[in-house]
Amino acid sequence: MTAPRRFRMAALALLSFVAAGSAYGDDLHKLWDQRCGGCHGHAGTFSRNTLLLVDGHLGDRKGRDVEAFLKSHNGGYSPEVVAGIASMLRAQVETPDLFRRLCAQCHETAAVVARTLLSVEDGVLVGRQSHRPLAEVLRRHGDVEEDQQGPLLETLTRVEREVHHR
Ligand code: HEC
Ligand code: HEC
């Protein structure tokens, strides 16, 4: 093999490595759908039914630490995948499933809303079509009680970050 060809192959290998890394890092919800959801279903339902916090650690009902478990589950996931997925599952365990109760009958999942109906304009989360702040949208849309508006806004703000890996 000639030197330039070896160089090109090495460059290609590096490129595909970088692409694979960002494919996992880009959208935590897509990562879940591709790598976990086939066996475990919807992430929010799985985490809220199966996991719990014990002394601040995310564990399952058999007392296993989730991050430690994932390091060997199905042959073991990379530290990046384990950290990203564990933080998403943890946030779900810590918050009520308002989206599923109030919005899912029309919008499927919060990740889909974040990808298709929300954007950030001047640092504010807004509806992509109306350009109105989401806080305002939620006051008139989806039968959201006043005390549910804050938690729902927080959830969608988090999910919007998770689908863009921010
Ligand atoms: C091929 C199917 C399959 C895939 C893919 C899969 N799992 Fe699992 N997972 C299982 C099975 C089966 C169990 C129960 C095994 C056990 O309890 O030891 C399990 C258990 C778990 C548990 C412990 C929860 C419990 O029931 O006590 C967690 C957490 C978990 N999986 C997370 C994940 C995550 C995160 C991914 C993706 C990165 C993933 N799994 C991918 C099949 C799968
Ligand atoms: C009865 C059906 C229904 C329910 C329930 C519902 N929506 Fe919608 N929502 C829609 C429709 C239809 C649109 C118009 C956009 C589209 O075609 O998807 C929309 C638009 C939106 C938009 C874009 C608004 C804009 O100003 O650009 C957001 C954000 C949104 N919904 C979030 C939610 C959230 C969060 C909930 C739960 C509290 C919810 N929706 C409940 C049907 C619904």
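Residues numbered from 1 in each chain as written. Chains lettered and ligands numbered in written order. Predicted model: local features only at pLDDT ≥ 70, side-chain atom pairs only at ≥ 80, totals over all residues. Heavy atoms only, no water.

- As recorded in an unreviewed UniProt entry, the protein goes by Cytochrome c domain-containing protein and comes from Magnetospirillum aberrantis SpK.

## Focus: the coordination of the iron atom of ligand 2
Logical step 1: Looking at the iron atom of ligand 2, the protein donor atoms are His107 (NE2) and His141 (NE2), and they sit 1.9 to 2.0 Å from it.
Logical step 2: Taken together, the 6 donor atoms coordinating the iron atom of ligand 2 and their angles of 85 to 179 degrees define a geometry best described as octahedral. Separated by 34 residues along the polypeptide, His107 in helix 8 (residues 104-107) and His141 in the loop between helix 10 (134-140) and helix 11 (146-163) bring together distant segments of the chain.
Logical step 3: Exposure remark for His141: the relative accessible area of 44% places this residue in the partly exposed category. (Donors = N, O, S within 2.8 Å, 3.2 Å for Na, K, Ca; no water. Tetrahedral: all angles 85-135°; square planar, octahedral: opposite > 155°, others 65-115°. Helix = DSSP H or I, 4+ residues; strand = E, 2+ residues; numbered from the N terminus. Buried < 20%, exposed > 50% of the residue type's maximum accessible area, 1.4 Å probe, protein only.)

## Structural notes on the packing of aromatic side chains
Logical step 1: One pass over the structure, following the stated rule, counts 1 aromatic pair.
Logical step 2: Where Trp32 meets Phe46, the ring centres are 5.5 Å apart and the plane angle is 40 degrees; that geometry is what we call tilted. Placement of the pair is Trp32 in helix 2 (residues 28-35) and Phe46 in helix 4 (residues 43-50), with a sequence separation of 14 residues. Assigned by exposure class, Trp32 and Phe46 land together as buried. (Phe/Tyr/Trp six-rings, centres within 6.5 Å; stacked < 30°, edge-to-face > 60°.)

## As for the coordination of the iron atom of ligand 1
Logical step 1: For the iron atom of ligand 1, the full set of protein donor atoms is His40 (NE2) and His73 (NE2), and the range of their distances to it is 1.9 to 2.0 Å.
Logical step 2: Its 6 donor atoms give the iron atom of ligand 1 angles of 88 to 179 degrees at the centre, a pattern that matches the octahedral case. With a gap of 33 residues between them, His40 in helix 3 (residues 37-40) and His73 in the loop between helix 5 (66-70) and helix 6 (79-94) connect regions that are remote in the sequence.

## What to know about the site of ligand 1
Logical step 1: Ligand 1 sits among 16 residues. The nearest are Cys36, Cys39, His40, Asp60 and His73.
Logical step 2: With respect to ligand 1, the side chain of His40 contributes an N or O atom lying 2.7 Å from a nitrogen atom.
Logical step 3: Put simply, the parts of the chain that give the shell around ligand 1 at least two residues each are helix 2, helix 3, helix 4 and helix 5.
Logical step 4: Tallied by class, the residues present in the shell around ligand 1 amount to 8 nonpolar, 4 polar and 4 charged. (Near = heavy atom within 4 Å. Polar contact = N/O pair within 3.5 Å; in protein donor to acceptor, adjacent residues only side chain to side chain. Nonpolar A, V, L, I, M, F, W, Y, C, P; charged D, E, K, R; others polar.)

## Quick look at unusual backbone geometry
Logical step 1: Unusually for a residue other than glycine, Asn74 sits at a positive phi of about 50 degrees.
Logical step 2: Here Asn74 shows up in the loop between helix 5 and helix 6.
Logical step 3: Of note in the backbone geometry, His131 takes a positive phi value of approximately 60 degrees without being a glycine.
Logical step 4: You can see His131 is positioned in the loop between strand 4 (124-127) and helix 10.

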